[in-house]
Amino acid sequence: MAIQEIANSIVGTIVEKCVNPILRQFQYLIFYKSNVQTLSDDIKILELKEAEVQQLVRQAKDNAEEIKPTVVDWLERVEDVKKDAHTISEGMETAKVNCLNIVRLPNLKSCYLLGRRAVKRTSVVEKLLGEGPFDQVGSIAPFEQMPLTESIPSLEKGLVSRMSTKKELMEALKQEKTSLMAICGMGGVGKTTLVKQIADQVKFEKLFDKVAMATLSQSPDMRNVQDQLAEQLGLKITEQTDLARAKRLYTRLTNSDERILVVLDDIWKELDLKSLGIPVKGECKSLKVILTSRFKDVCSGMRAEIFEVNVLRIEEAWHLFKEVAEISDDSALSGVAKQVAEECKGLPLAIVVVAKALKSNHTPESWDRALRQLQEYTIRELEGDEDLVFSRIKFSYDYLKSAEAKSLLLLCSLFPEDYSIPIECLVRYGKGLELFQDTENLRNVRDKVDLLVDELKSSCLLLNDGEKEDFVKLHDVVRDACLSIASKAEHEFLVSNSGLGEKNSYTAISLISQLVNHDLLPFCKEYPRLRLLRLVFQSELGVRLRKLDLPQDSFVGMEALRVMELNHLQIEFPLSWPGQMLRSLRTLCLDYCSLGTGLSSMLGHMTQLETLSLFQSRIRDDRFPVEIAQLSNLKLLDLRVESSLHPLPSGILSSLKKLEELYLGSSDHLQLGRDKEEEIGCLKEISAISNLACLQIALDDFSLLLLSLQAFDTQRLSRFNIAVDNYRGAMIDHRRNYQFRKSFKLYLSGHGDEWLKQLFDPNVTSIVKRTENLTLYLSDQSSCLRNLVPDLGENGFINLKKLCLDDGQYECLVDSTANLVARHVFENLVYMKLRLLKLKEICNGFLPPGCFNQLQGVELYSIRALKCLWKGSVKPPSLCNLRSIGVRFCNEITTLFSQSALKCLVKLQKIVVASCKNFERIVLREESLTEEVLELPQLKALTLSYTNFIGFGPEDDKAVAFFDQVSLPRLEVLEILRSGDGPEQLIGGKMPSGSLDNLKHVQLWECRSIRCIAKGDTVTLLQNLQALWTWDCQGIKSLVDFEGLKVHNTPSEKAFEILPKLESLGLSDCSRLIHIWRNFPEGIRVFQNLRSLHVSKCPLKCLFHPPSVATMLISLEALEVYWCSEMCEVIGEEDEEVSLEDNAQHHDIGKRREIALGRTSKEFVFSRLTSLRLQALENLRSFGGSYREDYEFKFPLLTELIISYCPKLKKFCSGNLDAPLLKKVQIMPSDTENFEAPVNLKDREICPLLI
C-alpha cells in the first residue's frame, strides 16, 4: 500500500511538472481561435466597466476632486491591455500562409503565439475586471496654500513698529500657555493686514498645519462663520441645529493631531466661542485663536492677550507714503509730500489711499492744492479717530475725477461688509439707474464700468477679490465712509440688517434680513425719491425659502423706482396688478427665488423694463410668463433658471427687438421647446435677433448648434458662453457661472471622430478663433485632431487666455513644420490645463516667436507619451511670464525644459512635479554648455515627490549632487519626497555664491541616496535656512561634513557662524546617521538660533559632539530624542575616539575639552529650554556625560521633563542639576511600576504622562 502511494505521488508530480505544461502548449495551438474570441468578449465587458469609471472620473473632476492614483493606474492598464488585444485580433488576419499559391493554411507558429498571448491577456483582463469599477474614484484635493498678502521687503523693512508687533505675536503663538490673542486698534490701522501676514508666515514656517480665517463684522451670521472655518478645515457641517453644528466644529478642532490657527477678523462684540464650536482657553493645546477688533474692552472681556496696533510713527508713515506714491527723499516734491503724509496722521489706510490718489501728479501746484484740501478737512469739527479716517477717505472720494466713479463707489456700499461684489451687478444696477453718460447699449455700459473699477482700484478705494477675476470688494472702513457720504446731500442711503428707518426720503434701500416681517419691509409705504430697492433674505442650505406675499399696493408711492432686486424668497404675486405701478422700473432681478402665480400679470405692466433676471430661480407659475414678449424695451434677459414647469414658448424671443444680451442656461433646466422641432424654432428666433451682442447657451446636441450657427453671424457677439455637453455635470456648471468672458466648451467624450469632424465647420471655427476660454473634452479614441495650431486655429488662437484639454489624442499643440503657422500663436494665453491626454510634444518644430509670452500657469495631469515639456530652441519673450508649473502622474516625462528654454523663465516662482516615475531633470544640459551655471532667478518653491530626480546634469552624467552649477537665489521652500537612486549630496561644490541665499525650508523624505546635505564651504550657502527636516533618509551618514571648510576668522575675531538662522531641525529614521557633524573645526559656532530639535530612530551614540555645540544652544526651547537605541549620552565626550583607545588619558582629554570650550567655568547652560523629552533610549546612561562630576547643568526655564523607557539612566547628569521651575518628571503610563527616577531627580514629583 505504501509503495502504491509513493508511486502515485511520483506519477502525480511527473504529470504536474512535465505533462501539464506540454499539454498547455498544445492547447494554445489547438484552441487559439476560442482563446482569441474569449479575450475579445472579455474586452467588451472591460470597456463597459471602463466607461463607468470614466464617467465617475469626470464627475469627480467637475467637483474639483483629485483622482486617486489607483484609479489612474487602473485606467492606464486598461488602455494597455486593450491595445494588446487589438494587436492580437489583427494578428488573426496574418496567421495564415500561402501553400503553392493554391490554398491558405494556418501558420502554426503564429497560431500558437496568438493563442498563448490571448490566454495571458485574458487573465490580465479578468484581474482588471475584479478591481474595477470603483465606488469612489477621487477625493477632495487640499487647498493650495495661497498667500493672503503680498510681501514687499523694502516696505516691511521701514515699518519697524509693525514688524516688532508681528514678532511679538509670532513669539506668543509659540508659547504653550497662550491660546487666545487679540490685535486691537482703530479702523484702518492695519489689523487685518497684520493678521494675514502672520497667517502667511505661520504656514510658511510650518508652525501650524492648518489656518482658518473668518470675517464676522458688525452683524455676524454665526452659521456663515462656522461654514467659513469648516470649508478651510476640509469639514462639511450638515447638522441643522446650533448645538449640533457647534459640536461638529468642536470635534474637528480638538480630535486631531494637527496644529490649527483660527483667525476671527473684525469682532464688534463679545463672542461666545464655545457656542460657535471653538474650544475655550486651555481645552486644546494644539489650537490657537487670534481676534482682530476695534474694541479693546470686547477682547479683554473675552480674556484674550491684547496686542495693540497704533498709528505709524512719523518716519514710518513717510516711508510707507513714499513707497506707495513712488517718490524719493531727494525729489523736488519731497517737502510738500512729507507735509501731506503728516496730514494722514500715521494711519496706514489713509496714507495708502491719499498716496495712490496723488501718485500720478508730478507738479508742485497739484501737491500744494492737495495739502490745502487735506488741511481744510482737518479743520472741520471732527472728533475721534473714526472721523480722522472719514476725512481722509472723503478727501480721496472728492479727488476722484468723475461723478460716475463716485456714484459707482457709493453703489458698492449697498452690499454687505466683506461681500464679493459681482461686477455684473454693478453693470445691471448702473444701467437701470442711468449713472453713465453716452452709454446707449450694454456693451458701452460694461466698458464704462470696467474703466471706473480700474480707477477705483488704483485709488485703493476698491480691492481685488482674491482669485475671482470679475468680483471686487470694499474695505469695511471705506464702506462706512461711503455710507456716511451717501447719507447726506442728494444721496440718502439706508443699508440695514434690522429693518427700516423713520425717513421716507431715501434714494436707495438695501436690506438683509432673516425674517419676512412686513412691518420691517418697505412695501405699502411711500418713498417718492426711492430709485433702488434691494432685499436679500438669508436662508439656510436645505431650508425652504421665506414666503413673501406681495399685496396689490406694495409699490404705491415708489414712482421713481428704477432698480429692484429680490433674493432668496418664495414670492406670491397678486393675480391682478395695478396698471401704473412700477411702470418706471428699468432693472428687475428676481434671483434665487421661487416665483409663484401672478408673475405674468406683474411683468405685463413694466413697459420701461430693460433688464430682467431670473437667475437660479424656480418658475412655479401655472404657465410660462409669456408677457415677457410685451417688454419691448428689454435689452437683457437672464433665464438661467433653476427649473421651470413649462418650456420657453415660441415667439417670445422674436418679439424682443431691442434685446442685446440673452442668457438661457442649459436645456436641463429650461427646455427651449416641447420637442426637437420647437427647439430648432427657438434657435432660429435667436439667430434673428438683430441687436444680440451677448449669448449664453448650453445644448446637449452638437447638430443643434451647427444648425443655429448656419443663419447666425457670430462676429457680432462681443461676449458669449456657448457649450455642447453630453453629460449632466457640465450642464450644472453653466447655470452657476454668473459672470463670464468669451467662452466655448465642447464635451464630446464617447462620440469619436464623427462628431469631432464637425468641429472644423467654418461656423464653429469662427467662434473658436475668437474665444478667450476654450475647453475641449474629446474622446480618447478620436484621432482626426492632430494639433490645435494650425489644424483648428490657423490664426494661432490670438484671443485665447485659458485653455483646458481633457481626453483625446494629439501629436502636438503647435505644429510649425508645415509652414502654415500664423505669425502670432498663443500670444495671449495665460493659463493652460491638460488632463488625461495622449500628447507627444507641445510643439513640433521651432516654437513660433512670441508663443506663450503671456503664459503664467501650466497644469499637466496624466499626460501620456510626453517626455519633455519644452524642448529645443526657445527664445524670449516666449515663457517669460510663466510663474507656476504643476506636473502630476505623467509617467513618461523625464525633463521639463531645454537649456535655452530655461533662460526664458525669468519669472517662474513655483514648480511641482509629483508621481512622475521617470522624471529625472528639471533642465537637460546641452553638451556644449555643461559648465554653464543654470539659473531660475525668481523660483520660490520647488516640490519633487515620487520621482526619479537626479539633478541638473547632462543626460549621460552621473551627478555628484542634486543641486550643482545652478543658481536659485529666491528659492525659499525645497521639498524632495521619495527620489530614486540619486546623488549622494544635496548641494554640490560647484554652486555659485549667493545661489541659495533665500532658502528657508528644506524637507527630505525617503531620499535614500543622500549621504550628507553639504560638504565643506557649501554649507555656507545655507546661512538663511530656518527649518530642516529629514525622514527615512537611510543613506545619510552625517548632516554636514566640514572637511575642507575654510574658517577665515582669527582668534580675536567673532566665531564663524554656521546655519545662524536655523530654528527647527528634525532627523527621523536615518538608520546610518552616526554624526550630525563630521570633521568639526575649531573657531565656528552652530545652532545659535535653533529653537526646536527633534531626533528619532537614528544610531547616534551622542547628540552633541563635540560638547562645545551644547554651549551654543542659546535659543533652544524644545528638545526631543526618541528611539535612538545606540545613544549613551546626549552631550558627548570631547574626543570619544581617543577616550575609547586609552581610557587612562581621560584627565588630559578633560583638559583639552576645557580649552575647546573656551571658558573656565564648568557649566552647561540651556537658558531657554522649556521642554525636554527622552523616550525609548535603551542605552542612555546620562544626559551630560559620565566625566563631568564637577560640572553644573543649568535649566532655568525647564518646566517639562518626560522620560520613558530609558532603563539605564540611573543619574540624569554626573554634576549638579539646577532646574528651579521643574516640579515634576513625567513618565509614560506603562513605565509607572518599573520606573526608577535618576538620583538627582528623586526630589521631583513622578507622575504619568497624560496622552
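See the structure printed just above.
Please read these numbers as outputs of a predicted model, since none were measured by experiment.

Asks: Could you clarify how one ought to interpret the packing of helix H17 (residues 403-412) against helix H19 (residues 442-458) in this entry?
Replies: In helix packing, the relevant descriptors are the interaxial angle and the interaxial distance, both defined with respect to the helix axes. At a minimum axis separation of 10 Å, H17 and H19 run at an interaxial angle of 80°. Relative to H19, the element H17 lies roughly perpendicular. Touching Glu404, Ala405, Leu408 and Leu409 of H17 are Lys448, Val449, Leu452, Val453, Glu455 and Leu456, all from H19. For the contact of H17 with H19, the residue count by class is seven nonpolar, no polar and three charged.

Asks: When you look at the pairing of strand S26 (residues 694-699) in this model, what are you seeing that I'm missing?
Replies: Here is the key point about a regular strand: its side chains alternate between the two faces of the sheet. Burial analysis of S26 places six of its six residues in the buried class, which makes it a mostly covered element. Side chains Cys694, Gln696 and Ala698 project from S26 onto one buried face, and the interleaved Leu695, Ile697 and Leu699 project onto a second face that is buried too. In terms of strand pairing, strand S25 (residues 661-666) meets S26 through four bridges, oriented parallel. Paired with Tyr663 across the two strands is Gln696, which belongs to S26. Remark: the S25/helix H23 (residues 676-687)/S26 crossover connection has right-handed handedness. Sheet topology places S26 next to strand S27 (residues 719-724); six bridges connect them, and they run parallel.

Asks: Help me out: how do you make sense of the nonpolar core in this one?
Replies: Grouped burial of nonpolar side chains is what soluble globular proteins tend to show. Of all hydrophobic cores here, the largest spans 222 residues; its most connected members are Leu788, Phe826, Trp870 and Phe963. The dominant element in this core, judged by the number of residues it contributes, is helix H24 (residues 702-709), at five residues. Once residues within four sequence positions are removed from consideration, Leu788 is found in contact with Leu776, Gly793, Phe797, Leu803, Leu805, Tyr810, Cys812, Leu813 and Phe826. The next biggest cluster of nonpolar side chains, apart from the first, holds 48 residues, and it includes Leu169, Leu312, Ile327 and Ile351.

Asks: Which parts of the structure should I look at to understand unusual backbone geometry?
Replies: Note: most residues except glycine have negative phi, and most peptide bonds are trans. Note the cis peptide between Val789 and Pro790, where omega equals 10°. By the secondary structure assignment, Pro790 is in the loop between strand S29 (773-777) and strand S30 (802-806). At the junction of Pro876 and Pro877, the peptide bond is cis and its omega measures out at 10° in the coordinates. Phi at Gln965 takes a positive value of approximately 55°, unusual for a residue other than glycine.

Asks: Just checking my understanding: could you explain the pairing of strand S46 (residues 1001-1005) for this structure?
Replies: Most of S46 is tucked away, with four of its five residues classed as buried. As paired strands, strand S44 (residues 973-977) and S46 are joined by five bridges and run parallel to one another. Each residue of the ladder has a partner; that of Leu977, found in S46, is Trp1005. By the bridge criterion, five bridges tie S46 to strand S48 (residues 1027-1031) in an arrangement that is parallel.

Calculation criteria
Residues numbered from 1 in each chain as written. Predicted model: local features only at pLDDT ≥ 70, side-chain atom pairs only at ≥ 80, totals over all residues. Heavy atoms only, no water. Axes fitted to C-alpha atoms, helices over the stretch in contact; angles between N-to-C directions. Helix = DSSP H or I, 4+ residues; strand = E, 2+ residues; numbered from the N terminus. Parallel < 35°, antiparallel > 145°, perpendicular 65-115°, else oblique. Contact = heavy atoms within 4.5 Å. Nonpolar A, V, L, I, M, F, W, Y, C, P; charged D, E, K, R; others polar. Buried < 20%, exposed > 50% of the residue type's maximum accessible area, 1.4 Å probe, protein only. Pairing = 2+ DSSP bridges. Right-handed = clockwise from strand over helix to strand, strands pointing away. Core = buried A, V, L, I, M, F, W, Y, C linked by side-chain atoms within 4.5 Å.

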